[in-house]
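Fold and contact review
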Amino acid sequence: MTTIVAVDPGSSGAIALFGDAANGRVVAVEPFVDDELGIIAQVGRFAARALELCGSPRCIIERVHAMPGGGDRKMGATSAFAFGGAYRFARCCLLHTGLPFEDVPPQTWQKGLGLGKVAGPDRKRALKALAQERFRGQKVTLRTADALLLAEWAWLRWNASLASDTAGRVPTGADRC
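Below you will find a few notes about this structure. (Residues numbered from 1 in each chain as written. Predicted model: local features only at pLDDT ≥ 70, side-chain atom pairs only at ≥ 80, totals over all residues. Heavy atoms only, no water.)

Here we take up helix 1 (residues 36-53). Taking 1.5 Å per residue, 18 residues should reach 26 Å; helix 1 reaches 26 Å between its end C-alpha atoms and fits that length. Regarding helix 1, the residues found buried are Gly38, Ile39, Gln42, Val43, Phe46, Ala47 and Ala50. (Helix = DSSP H or I, 4+ residues; strand = E, 2+ residues; numbered from the N terminus. Expected span 1.5 Å × (residues − 1). Buried < 20%, exposed > 50% of the residue type's maximum accessible area, 1.4 Å probe, protein only.)

Below, the structure is given as structure tokens:
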């Protein structure tokens, strides 16, 4: 099966690794550390582990954008600049690993997991509740829920396409990772 590194960018983001493991699909999940060199090391560690599990892992990053201005869910200029910078930095970390990755908007993966439109602070709580339901043996926090669910969505999507790509024949080792 596909090994996946999922990145939820931002200062309160996280990184998750999915693959075949003794405890199921979740191999590791960590909130991002607070410094850039630490994040580079974290992403590098997760990429190296993904390569150990599978010679051709896939990566996914949540494609986010700043929402400057007033009103609901809008950011001030400084926050918007920092948020956009964190997203670009996370992309650069993935580029540095040399692993292929895909950007996916949050609406796409959340809809794919059956989560309807939830706004404001209730959105993060709903995501955490869904992650706790899906990953009962895993410690889920507000910081790690998005990365876990993004990895779950990618896992389901990419392994479904693997099943259809190998229909009628026995998957090979290369198919499985």
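Now that the structure has been shown, the text picks up again.
All right, on to the packing of aromatic side chains then. The final tally for this structure, using the stated rule, is 2 aromatic pairs. Consider the rings of Phe18 and Phe135, whose centres lie 5.8 Å apart with planes at 80 degrees: the pair is edge-to-face. With a gap of 117 residues between them, Phe18 in strand 2 (residues 14-21) and Phe135 in the loop between helix 4 (121-134) and helix 5 (145-165) connect regions that are remote in the sequence. Comparing Phe18 with Phe135, the two get one shared label, buried. Consider the rings of Phe18 and Trp155, whose centres lie 6.1 Å apart with planes at 65 degrees: the pair is edge-to-face. (Phe/Tyr/Trp six-rings, centres within 6.5 Å; stacked < 30°, edge-to-face > 60°.)

Bringing the side chain of Thr144 into the picture now. By secondary structure assignment, the location of Thr144 is in the loop between helix 4 and helix 5. The contact partners of Thr144, leaving out residues within four places of it in the chain, are Ala14, Val29, Glu30, Pro31 and Lys139. (Contact = heavy atoms within 4.5 Å.)

Let us look at the pattern of salt bridges. The tally for this structure, following the rule as stated, stands at 8 salt bridges. Lys124 serves as the salt-bridge partner of Asp146, at 3.4 Å between the closest nitrogen and oxygen. Highlighted residues: Asp146 in helix 5 and Lys124 in helix 4, separated in sequence by 22 residues. Residue Lys124 is classed as partly exposed on the basis of its relative accessible area, which comes to 23%. A salt bridge links Glu152 to Arg134; the nearest nitrogen and oxygen atoms lie 3.2 Å apart. Here the residue Glu152 occupies a position in helix 5, and Arg134 occupies one in helix 4, the gap between them amounting to 18 residues. Judged by its relative accessible area of 5%, Glu152 falls in the buried class. Since its relative accessible area comes to 31%, Arg134 is described here as partly exposed. One salt-bridge network, in which partners are shared between bridges, spans Arg123, Lys124 and Asp146. (Salt bridge = Lys/Arg side-chain N within 4 Å of Asp/Glu carboxyl O.)

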